[in-house]
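# Summary of structural features
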Amino acid sequence: MDVIKDINLNSLPRLERLREIHFNTKPEICVEIAKLLTDFMKKKGIKPEDGISEKMASERLKYILENKKALIDDLSLLAGTTTTKIKGVPIYPQFMGQAIWPELETISIRKKNPFGITKEKINVLNQDVFPYWMDGTIQEVCRKDYNNPKSLQIMERIVFFLASKAHAISHTIPDYERVVKEGLSGILKEMEGKTGDFYTAARLAIDGVSAYAQNLSQEAENLAKNTADSQRKEELLNISRICKKVPREKSETLQEALQAIWICHIALHQEHTNIALSLGRLDKMLSPFYKQGKEKEAIELLGCFFLKLADHVPMNAETGEELFGGSGSNQAITIGGITEDGNDGVNEMTYLILKTIELLKVRDPNLNARYNPDKNPREYLKRLCRVNINTRATPCFHNDIPVIEALVKQGYSLEDARDYAIVGCVEPIAPGKTFGHTGAILLNLTACLEMALFSGKHRLTEDEQFGPKTKEPKEIKSFDEFLNVFKEQTIFLIEQSVLINNSLGKTHLKVNPLPFLSTLTDGCIEKGMDVLEASAKYNSSGVAIIGLSEVVDSLCAIKEFVFDKRNISFETLIDAINKNWDGYEVLRQKILNSGNKFGTQSREAFDMTQEIICLLHNEYQKRENYRGGRYVVGYWTMTIHAGLGVLTSALPSGRKNKEVLPSGITPVSGSALELLDVLHFVAGLSHDKIANGHALNLKFTPGENMLDNFTATIEGYMKKGGMQVQCNIIDKKTLEEAKEHPEKFPPLLVRVSGYTAYFQDLNPYMQDEIIKRQEYGLVI
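## Some remarks on unusual backbone geometry
Going from V246 to P247, the amide bond is cis rather than trans, its omega being 10°. Positionally, P247 belongs in the loop between α10 (230–245) and α11 (254–271). That bond from T394 to P395 is cis: its omega, 15°, falls within 30 degrees of zero. You can see P395 is positioned in the loop between α16 (378–391) and β7 (396–399). For K361, which is not glycine, the phi dihedral falls at a positive 50°. Topologically, K361 is positioned in the loop between α15 (348–360) and β6 (366–371).

Right under this line is the structure:
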């Protein structure tokens, strides 16, 4: 594959132009899905709050796909678009679409990440769409059906936890490998002779997808008739031929395979929110279609595909920008690792995908690279590191050995565990076989600590007594006693988060069944049940924990200074944090300079971390989700750690009011100064209790011998057992300049906490968090 070294964007003018268009286009709100969805419901006389049957949901999807505009842009080799815009923001009124209702008139001029919208579209949403769905969103139906449960009330305070089903349930990977191998006709064949509503719904969904493909085929043919450009005419006629064939039939070329996946991906985004729907092991899936000596053509097709994936942006209201601002759709792709039978899975397509990502430097798709230190060649790891240096932020590295072990302990067969791919940020599942909604719950662990310090209350919500009324700190006689209080409050929030997630899940099945996703998930057809029931081969719900290292540092500080050394009383410490450390700077400095910090050589901190990880794992695993599966825990935070930090007051760790919380499983910035200590600490944790993945975010200063030193660092961490790591290769000064003068920088790709984003799109808190992240040198 040496030839791909010489391929650049100048030699691929189509990709160069498509990339320019992508970066020069402002996202625009598209009401196509919202309008078609609402029109169908009105015509059928269905009130959203009454729910919808699986069969009717399928008829609805078919109606949307049949009436969706068949669009083909002037340059791409792939047909179809998620929305009617070049870069569209689809609105899903049954989920959180109405969150932008109050700001429709101002959303195009808001300061951060504005979305374009026309007056006509504002009128459609104001008059036709949003009023109809006022009582019919997932959240409002759940509120009514479950009598405004306490768990929902707690969630709506934001600071404790979020159960994301009100907004999305799409953190999963459809079986695209089957789509390219067999076509949708293979699924229809499996359903031959089967009767019942589920199978009727599944067939209707496939008919809808096929109708959309045929419309694209016809549109390509029409465009071909009207173009004078002979080359484009030939391309359009080929697109027309392909869309007439796939995804209904199996793919036989790389272009057919990519087109088949893309049409199914579009269809799934008409059925459900455009958040974190991921694609699986793309190199494994596409390798059979690669022809030797066709590297340039393959990269051009892959580039067209990746830029298609970037044609949509998730809707975010202005308040949501504080928590999730700057996030793309987090459509993860996975490369490398081992095969189901345990052999090296790196192939030529792996390197072609890497090259394409290196050229485009776009935030979507989110590239995740598996690496098996025992099976994959070192040259592959070196290539991953070079791409990370050149792009500054991608790929994310996953170590096969601990990930596979963690999945096997969750009941996966060894073959399925070896075939894992990443969802959304860093969450491993078996593609096409797991329905895991890996981002179901986001638990703010610092809120558990806060409630332990204030007898079940949170300073943000003042007198509201949500948690159990536990002892006040002045009454607590030992650290073990306080740790038990912390555990009691944590278990309370775990229980509440599970209750609301399960209620929202059942509501989701009532309001928005997923017939097409069900056809692309192993187990559903066999059982004749929607994927939202217990039908997938593997059923789980994912939890992401926010603030782990902050809580560890705080607990260590309480133990050391209040109970072990008895430097201060617990009341004094409470007074200090209530005053944001004003008047207590000497004490604060003592705590900040303590050696007992997450990510250091401290045995105390390591044991504390392990105890908390065990607590969270055991308590969540005890509880069943609404599909009879287990909850799995991970440590990744997207951008929410920055937003939650603003809502969090000073803590015993020495943290001050409103400082951002640490990202993922990363030490608090400035508390762990030695890179090797950090790597050793995180690599030593019990990864079998982190089956929902973690995000260790590191920032490195570019320097001499970067490639060799970086490769050796990642390799050493993996051999120590490190599960995952992701790196920004950029210095603080550059980031500060990009924040101050964004107009001077091209879109700057950075790793947040699980995915890549453009630095300029992030909210100021998140920008500051990345700027302030501990910066390590790479001297071996």
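## Focus on the nonpolar core
Of all hydrophobic cores here, the largest spans 243 residues; its most connected members are F486 and F516. The dominant element in this core, judged by the number of residues it contributes, is helix α20 (residues 479–511), at 12 residues. Excluding residues within four positions of it along the chain, F516 makes contact with L61, L184, A205, I206, V209, C264, A267, L268 and E271. I29, V31, L36 and F130 belong to the second largest nonpolar core, which has 28 residues in total.

## Some points on the side chain of N763
For N763, the location among the structural elements is in the loop between β17 (756–758) and α31 (764–772). From its side chain, N763 meets the backbone nitrogen of M766 in a polar contact 2.8 Å long.

## Side note on the pattern of salt bridges
Here the structure, examined in full by the defined rule, presents 55 salt bridges. When the shortest N-O distance is used, the salt bridge between K121 and E120 registers 3.9 Å. Residue K121 is classed as partly exposed on the basis of its relative accessible area, which comes to 21%. K245 is the salt-bridge partner of E252, the closest N and O atoms lying 2.3 Å from each other. The network of salt bridges with shared partners includes E177, K181, R281, K284, E340 and D419.

## Considering the pairing of strand β5 (residues 332–336)
Summarising burial for β5: five of the five residues are buried, a large majority. Here strand β4 (residues 280–281) pairs with β5 via two bridges, running parallel. Bridge pairing links R281 to T334 in β5. Here β5 pairs with β6 via five bridges, running parallel. If you follow I335 over to β6, its bridge partner there is A369. Crossover connection from β5 via α15 to parallel β6: handedness right-handed.

## Examining the environment of L644
In this structure, L644 sits in helix α27 (residues 640–646). Among the residues examined, L644 registers a relative accessible area of 2% and is labelled buried. Sequence separation between L644 and S170 is 474 residues; the distance between their C-alpha atoms is 23 Å.

## Re the packing of helix α3 (residues 54–67) against helix α9 (residues 197–225)
Two elements in contact, α3 and α9, have axes whose closest approach is 8 Å; the angle formed by their N-to-C orientations is 5°. For the element pair α3 / α9, the angle class is roughly parallel. For the pair formed by α3 and α9, the contact residues are E54, K55, S58, E59, L61, K62, L65 and E66 on the first element and F198, T200, A201, A202, L204, A205, D207, G208, V209, A211, Y212 and N215 on the second.

## Some thoughts on the environment of H687
Position of H687 relative to the elements: it lies in the loop between α28 (675–683) and β14 (697–700). In this structure H687 comes out as buried when scored by relative accessible area, which is 7%. The spatial distance from the C-alpha of H687 to the C-alpha of E405 is 8.3 Å, given a sequence separation of 282 residues. If we ignore the near neighbours within four places in the chain, the residues touching H687 are P402, A406, V682, H694, G721, G722 and M723. Side-chain polar atoms of H687 contact the backbone oxygen of V682, separated by 3.3 Å.

## Here we look at the sheet that holds β14
One open sheet accounts for seven strands, arranged β4-β5-β6-β7-β15-β14-β18; its pairing is mixed. Single-partner strands in this sheet number two, and they are β4 and β18 (775–776). Sheet strands in contact with α16 are β5, β6, β7 and β15 (724–729), and its direction is about 155° off that of β6.

## Quick word on the packing of aromatic side chains
Scanning the model with the defined rule gives 19 aromatic pairs in all. When the ring of F482 is compared with that of F570, the centres are 5.2 Å apart and the planes differ by 65°; the resulting orientation is edge-to-face. Of this pair, F482 sits in helix α20 while F570 sits in helix α24 (residues 570–578), and the two are 88 residues apart along the sequence. Summarising the burial analysis for this pair, F482 and F570 share the class buried. Here the aromatic residues F479, F482, F563 and F570 are joined through ring pairs into a cluster of three or more.

## Concerning the packing of α20 against helix α26 (residues 603–622)
Helices that pack against each other are described as a pair by the angle of their axes relative to one another and the distance between those axes. Remark: α20 packs on α26, axes separated minimally by 10 Å, with the N-to-C direction vectors making an angle of 35°. Along this stretch, α20 crosses α26, giving a crossing that reads as right-handed. For the pair formed by α20 and α26, the contact residues are F479, L483, F486, K487, T490, I491, I494, S497 and V498 on the first element and M608, E611, I612, L615, L616, E619 and Y620 on the second. Its residues assigned to classes, the contact of α20 with α26 shows 11 nonpolar, two polar and three charged.

## Some thoughts on the pairing of β14
Every second residue of β14 is oriented toward a common face, with N697 and K699 on one face and L698 and F700 on the other, all of them buried. Inspection of the sheet shows β14 paired to β15 by four bridges, in the parallel sense. By the bridge assignment, F700 is partnered in β15 with I729. Once the chain exits β14 it traverses helix α29 (residues 706–719) before rejoining the sheet at β15, and the crossover so formed is right-handed.

## So, α31
Think of an α-helix as turning once every 3.6 residues; residues three or four places apart then point the same way. M766, Q767, E769, I770 and I771 are the residues of α31 that are buried. Lining the buried residues of α31 we find α27, β14, β15, α30 (732–740) and β16 (749–751). Sitting at the head of α31, N763 places a side-chain oxygen 3.1 Å from the backbone nitrogen of Y765.

## Details of the state of the cysteines
Scanning the model with the defined rule gives zero disulfides in all. Not engaged in a disulfide, the cysteine C385 finds its nearest cysteine sulfur in C727; these two sulfurs lie 7.9 Å apart. Cysteine C425 shares no disulfide, and the gap to the nearest cysteine sulfur, in C396, comes to 9.1 Å. Overall, the relative accessible area of 2% leaves C425 in the buried class.

## A word on the environment of D564
Checked against the element boundaries, D564 lands in helix α23 (residues 548–564). By relative accessible area, D564 is classed as partly exposed at 46%. The spacing of D564 and S478 is 86 residues in sequence and 9.1 Å in space, taken between C-alpha atoms. If we ignore the near neighbours within four places in the chain, the residues touching D564 are K559 and E604.

Definitions and cut-offs
Residues numbered from 1 in each chain as written. Predicted model: local features only at pLDDT ≥ 70, side-chain atom pairs only at ≥ 80, totals over all residues. Heavy atoms only, no water. Helix = DSSP H or I, 4+ residues; strand = E, 2+ residues; numbered from the N terminus. Core = buried A, V, L, I, M, F, W, Y, C linked by side-chain atoms within 4.5 Å. Buried < 20%, exposed > 50% of the residue type's maximum accessible area, 1.4 Å probe, protein only. Contact = heavy atoms within 4.5 Å. Polar contact = N/O pair within 3.5 Å; in protein donor to acceptor, adjacent residues only side chain to side chain. Salt bridge = Lys/Arg side-chain N within 4 Å of Asp/Glu carboxyl O. Pairing = 2+ DSSP bridges. Right-handed = clockwise from strand over helix to strand, strands pointing away. Axes fitted to C-alpha atoms, helices over the stretch in contact; angles between N-to-C directions. Parallel < 35°, antiparallel > 145°, perpendicular 65-115°, else oblique. Phe/Tyr/Trp six-rings, centres within 6.5 Å; stacked < 30°, edge-to-face > 60°. Left-handed = near helix turned anticlockwise from the far one by under 90°. Nonpolar A, V, L, I, M, F, W, Y, C, P; charged D, E, K, R; others polar. Disulfide = S-S within 2.5 Å.

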